[in-house]
Amino acid sequence: MTPMTRDEYRAFVGSGTRTAKLATTRQDGRPHAVPVWFVMDGDDLLFTTGTQSVKGRTIRRDPRVAACVDEERPPYAFVLVEGTATIISDPDEVLDLATRCAARYMGEDLAAEYGMRNSGEGKIAVRITPSKIVAEAAVVE
């Protein structure tokens, strides 16, 4: 394995359409992991979700989260972000973020349509502020 520099991991996480696998802990202690569309703001990862989704409920109760972004083909690589999630409820900010995520994953032509679909009533945005980042390239183990 080869550690990535800050610039390398930011480029890795921000390129293409890799999803982040978000991990939270349910109230009874069971883990919950799910892929999410995201964009970056500096080192922070941002995504949208429903207020009543498992993600939304667990983050409100316990903002400690982890997110892993990986390359599933050789040469394998990953970035693991552990941090604290902050909920953003402002509808304009949620729409803006949902539209930016849609542009990344669905393309500019569909960004407005998917942005509207993934924002609005019952939707929130989430910002993960890292407390620890592990970034490795050329993973062969």
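So, here is what we can say about the structure in this document. What you see is a predicted model; the values in this text were computed from it and never measured.

1. Some points on helix α2 (residues 54-61)
Of all the residues in α2, the buried ones are Lys55, Gly56, Thr58 and Ile59. As for α2, its buried residues are in contact with β2 (20-25), β3 (31-36), β5 (44-50), β6 (64-71), β7 (76-88) and β8 (123-139).

2. Points about the pattern of salt bridges
In the structure shown here, the tally under the stated rule is 11 salt bridges. Here Asp44 makes a salt bridge to Arg127, at a shortest N to O gap of 2.8 Å. Here Asp44 is found in strand β5, whereas its partner Arg127 is found in strand β8, with 83 residues between them in sequence. Using a relative accessible area of 14% as the deciding quantity, one classes Asp44 as buried. Relative accessible area serves as the criterion here: at 23%, Arg127 is assigned to the partly exposed category. Among the ionic pairs, Asp62 bridges to Arg64, the shortest N-O distance being 2.7 Å.

3. Topic: the pairing of β6
Bridging between β2 and β6 involves 4 bridges; their strand directions are antiparallel. Bridged to Ala23 within β6 is Ala66. Across 8 bridges, the pairing between β6 and β7 is antiparallel. If you follow Cys68 over to β7, its bridge partner there is Leu80. Once β6 ends, the chain turns through 4 residues before running back antiparallel as β7.

4. What to know about the side chain of Thr48
Mapped onto the secondary structure, Thr48 falls in strand β5. Residue classification places Thr48 among the buried residues on the basis of a relative accessible area of 18%. Residues within four places of Thr48 in sequence aside, it is in contact with Val94, Leu97, Ala98, Asn118, Ile124 and Ala125.

5. Some words on the nonpolar core
Counting 23 residues, the largest nonpolar core has Leu22, Phe38, Phe47, Val79 and Ile128 as the members making the most contacts within it. Elements represented by at least two residues in this core include exactly α1 (6-14), β2, β5, β6, β7 and β8. Residues within four places of Val79 in sequence aside, it is in contact with Met4, Tyr9, Phe12, Val13, Ala67, Cys68, Val69, Ile133, Val134 and Ala135. Core analysis: the next-biggest nonpolar cluster, separate from the first, contains 7 residues, Ile88, Val94, Cys101 and Ala125 among them.

6. Comments concerning helix α3 (residues 91-106)
Counted at 1.5 Å a residue, the expected span for α3 with its 16 residues is 22 Å, and the 21 Å between its end C-alpha atoms agrees. Count one or two residues on from α3 and you reach Gly107, which has phi positive near 95°.

7. So, the environment of Thr129
Positionally, Thr129 belongs in strand β8. Sequence separation between Thr129 and Met1 is 128 residues; the distance between their C-alpha atoms is 25 Å. Other than its neighbours up to four places away in sequence, Thr129 contacts Asp44, Glu82, Gly83 and Thr84.

8. A closer look at the packing of α3 against helix α4 (residues 108-117)
It is the contact of α3 with α4, at a shortest axis distance of 7 Å, that shows an interaxial angle of 140°. Here α3 is positioned oblique relative to α4, judged by the angle of their axes. Here α3 runs over α4; the crossing is right-handed. For the pair formed by α3 and α4, the contact residues are Leu95, Ala98, Thr99, Ala102, Ala103 and Met106 on the first element and Glu108, Leu110, Ala111, Ala112, Tyr114, Gly115 and Met116 on the second.

Calculation rules
Residues numbered from 1 in each chain as written. Predicted model: local features only at pLDDT ≥ 70, side-chain atom pairs only at ≥ 80, totals over all residues. Heavy atoms only, no water. Buried < 20%, exposed > 50% of the residue type's maximum accessible area, 1.4 Å probe, protein only. Helix = DSSP H or I, 4+ residues; strand = E, 2+ residues; numbered from the N terminus. Contact = heavy atoms within 4.5 Å. Salt bridge = Lys/Arg side-chain N within 4 Å of Asp/Glu carboxyl O. Pairing = 2+ DSSP bridges. Core = buried A, V, L, I, M, F, W, Y, C linked by side-chain atoms within 4.5 Å. Expected span 1.5 Å × (residues − 1). Axes fitted to C-alpha atoms, helices over the stretch in contact; angles between N-to-C directions. Parallel < 35°, antiparallel > 145°, perpendicular 65-115°, else oblique. Left-handed = near helix turned anticlockwise from the far one by under 90°.

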